[in-house]
Each structure stands twice: as structure tokens, then as C-alpha cells.
Amino acid sequence: MREINQPAYHHGNLRRAILDAALQAIGESGPAGWSLRELARRAGVSHAAPAHHFGDKAGLLTAVAAEGFELFADSLERAAGDVLAVGVAYVRFAIDYRPYFEVMFRPELYRADDPGMRSARERAAHVLVTSAGRLSSSPAQDRLTTIAAWSLAHGFAGLWLSGSLPESAHGDPEAIARSLVQLVFDPGGRKPSDEEASRGPCP
């Protein structure tokens, strides 16, 4: 076991090492299948180190959720402006960052009122709501459209990760996600709104 006072474990690196060990443990056994003491052994640090940096397991999972939502918001913002691309980015994130994904949408595991976590979550939510608004048939339907689009992307990601779909073995999740969003929300190709039509063709 590496001692925590060794040079490689200055304050910042130690916190990162514990977070990385937590992500590895979540990837192997989920967010509930390990203890802080076990995590310390995994990271090769003092058994008191995780509690010193995060307080308790909820504090550690709050840090995981906050970092996950930051990465998630970054991914969605890069796709903003293209509704289909946002849906694909959602699924891609779930697959590429599965340990984060398994924590982020389970607020009973962490402190949902943490300022850093809330800020990142709101960034991601803004992209989702704005994108869904482009699919909505009217302002009165905006909220339902947002829930429907979110349910589609999140549900498909969950089915893919659990291996419930035969396509999970050899299929392309991004291509299928794009086709699903288009099938549900744009089956015949988007038609211009009345306002867009009234403006006529662009010069």
C-alpha cells in the first residue's frame, strides 16, 4: 500500500485518485456495492483519506455526480443546435461514461442541493429543454415534449447498457439513437412552422 505522504499523493492527486477508484468500483459493482474503507484499499491510501476529502460516501458520490454533469453538459453543448445530435450525444455519454451515468440520475445517492452539482445539472438541462422545444408542436406541449424526448434517450441508453436489446451485442448505438429520435419526433421530415413559412425561402 502506498503511503499518503509520498510525493505522488499531494492533496490534489489524492482526491483524484480516490475519485478514480470510486469510478472504477462503480463500473464493476454499481454505486452501492462498495464501502469507503474498501475504496481506500483499492486506491492504495489511508483508510481515513476518503472521509477526509469527501466526508462520507454521499459526499464522494456528490463529487462524482458533479463531475459527471459537467462532462455531460459539455457533451450536450457541443451538439446544441442539432436536435438529433443532442439525442445521440446523450446516448454516447451514457455509454462512454457509464459510472458517472449510473450515479447522476439517482439523487437519493448524493446531495442534490450541492451548488456545483446543481450548476452543472442546470447547464445540461438547458440544452435538453431548448432542443426539445424545437420538436414541440406548440408552447403548451413544450414540457410534455421535453419529458418524451428525455425518456426516449434515457430509456434507450438504459436498455443498451443493460444488454436488454439484441442490438447491444453488435449494433451501433449512435445510429440507432438517431433513427429512433427521427422516427418518433420527425417521421416525415420536419415541416416549417407557420412563422417560418410566412418568411418564405431564405435569400
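Visitor: How should I be thinking about the nonpolar core in this particular structure?
Guide: The nonpolar side chains of a soluble globular protein tend to be buried, and buried together. Trp34, Leu39, Leu60, Phe72, Leu76 and Tyr110 are the most contacted members of the largest nonpolar core, which totals 46 residues. Among the elements of the structure, α1 (11–29), α2 (36–43), α3 (49–54), α4 (57–79), α5 (83–96), α6 (98–104), α7 (115–135) and α8 (142–162) are those that each provide at least two residues to this core. Broken down by element, this core gets its largest block of residues, 11 residues, from α4. What tryptophan 34 contacts, discounting residues up to four positions off in sequence, is Ala22, Ala25, Ile26, Ser29, Leu39, Lys57, Leu60 and Leu61.

Visitor: What's the story with the packing of α5 against helix α9 (residues 173–185) in this structure? I'm lost.
Guide: A pair of packed helices can be characterised by two numbers: the angle between their axes and the separation between those axes. Where α5 contacts α9, the two axes come as close as 9 Å, and the packing angle between them is 140°. For the element pair α5 / α9, the angle class is oblique. Pair α5 / α9 crosses with right-handed handedness. Only Pro173, Glu174, Ala177, Arg178, Val181 and Gln182 of α9 make contact with α5, whose side of the interface consists of Leu84, Ala85, Val88, Val91, Arg92 and Ile95. For the contact of α5 with α9, the residue count by class is eight nonpolar, one polar and three charged.

Visitor: What am I meant to see in empty space enclosed by the protein here?
Guide: Think of a ball as big as a water molecule: rolled over the atoms, this probe shows where empty space is left. The full count for this structure, using the stated rule, is two cavities of 30 Å³ or more. What the largest cavity holds in volume is close to 160 Å³. Taken together, 15 residues form the lining of the largest cavity, with Val86, Gly87, Leu128, Ala149 and Trp150 sitting closest to its centre. When contributions to the lining of the largest cavity are tallied by element, the ones reaching two or more residues are α5, α7, α8 and α9.

Visitor: Would you mind going over the packing of α4 against α7 with me for this structure?
Guide: Direction vectors running N to C along α4 and α7 enclose 25°, while the axes themselves pass 8 Å from each other. Classified by the angle between their axes, α4 and α7 sit roughly parallel to one another. Taken as a pair, α4 and α7 cross one another with a handedness that is left-handed. Where α4 abuts α7, its residues Thr62, Ala65, Ala66, Phe69, Glu70, Phe72, Ala73, Asp74, Leu76 and Glu77 lie against Gly116, Met117, Ala120, Arg121, Arg123, Ala124, Val127 and Leu128. The residue inventory of the contact of α4 with α7, partitioned by class, reads 11 nonpolar, two polar and five charged.

Visitor: When you look at α5 in this model, what are you seeing that I'm missing?
Guide: Each turn of an α-helix holds 3.6 residues, which means side chains three or four residues apart point in the same direction. The end-to-end C-alpha distance of α5, which contains 14 residues, comes to 20 Å, matching closely the 20 Å that a straight helix rising 1.5 Å per residue would cover. Taking burial as the measure, the 14 residues of α5 include 11 buried ones, the bulk of the element. The elements touched by buried residues of α5 are α4, α6, α7, α8 and α9. Here α5 starts with a cap whose side-chain oxygen sits 3.1 Å from the backbone nitrogen of leucine 84, and that cap is aspartate 82.

Visitor: Is there a simple way to explain the environment of aspartate 186 in this structure?
Guide: Tracing the sequence through the fold places aspartate 186 in the loop between α9 and α10 (194–199). In this structure aspartate 186 comes out as buried when scored by relative accessible area, which is 15%. Sequence spacing of aspartate 186 and leucine 84 is 102 residues, and the spatial spacing of their C-alpha atoms is 9.7 Å.

Visitor: What's the story with the environment of proline 107 in this structure? I'm lost.
Guide: Mapping proline 107 onto the fold places it in the loop between α6 and α7. For proline 107, a relative accessible area of 43% puts it in the partly exposed group. For proline 107 and leucine 61, which are 46 residues apart along the polypeptide, the C-alpha to C-alpha distance reads 9.7 Å.

Visitor: What is the right way to read the packing of aromatic side chains from this model?
Guide: Enumeration according to the criterion identifies 12 aromatic pairs in this entry. Aromatic pair phenylalanine 69 and phenylalanine 105: ring centres 5.7 Å apart, planes at 70°, arrangement edge-to-face. One end of the pair, phenylalanine 69, is in helix α4; the other, phenylalanine 105, is in the loop between α6 and α7, and 36 residues separate them in sequence. Aromatic side chains phenylalanine 72 and tyrosine 90 sit 5.1 Å apart centroid to centroid with 85° between the ring planes, which places their arrangement in the edge-to-face category. Placement of the pair is phenylalanine 72 in helix α4 and tyrosine 90 in helix α5, with a sequence separation of 18 residues. Residue phenylalanine 72 is classed as buried on the basis of its relative accessible area of 1%. Taken together, Phe69, Phe72, Tyr90, Phe93, Tyr97, Tyr100, Phe101, Phe105 and Trp150 form an aromatic cluster joined through their ring pairs. The positively charged end of lysine 57 is found above the aromatic ring belonging to tryptophan 34, 4.2 Å away from the centroid.

The rules behind each value
- Residues numbered from 1 in each chain as written.
- Predicted model: local features only at pLDDT ≥ 70, side-chain atom pairs only at ≥ 80, totals over all residues.
- Heavy atoms only, no water.
- Core = buried A, V, L, I, M, F, W, Y, C linked by side-chain atoms within 4.5 Å.
- Buried < 20%, exposed > 50% of the residue type's maximum accessible area, 1.4 Å probe, protein only.
- Helix = DSSP H or I, 4+ residues; strand = E, 2+ residues; numbered from the N terminus.
- Contact = heavy atoms within 4.5 Å.
- Axes fitted to C-alpha atoms, helices over the stretch in contact; angles between N-to-C directions.
- Parallel < 35°, antiparallel > 145°, perpendicular 65-115°, else oblique.
- Left-handed = near helix turned anticlockwise from the far one by under 90°.
- Nonpolar A, V, L, I, M, F, W, Y, C, P; charged D, E, K, R; others polar.
- 1 Å grid on protein atoms, 1.4 Å probe; cavity = no way out; pocket = protein on both sides within 12 Å on 5 of 7 lines; lining within 4 Å.
- Points joined across faces, edges and corners; volume = space filled by probe spheres on them.
- Expected span 1.5 Å × (residues − 1).
- Polar contact = N/O pair within 3.5 Å; in protein donor to acceptor, adjacent residues only side chain to side chain.
- Phe/Tyr/Trp six-rings, centres within 6.5 Å; stacked < 30°, edge-to-face > 60°.
- Lys NZ or Arg CZ within 6 Å of the ring centre and 35° of its normal.

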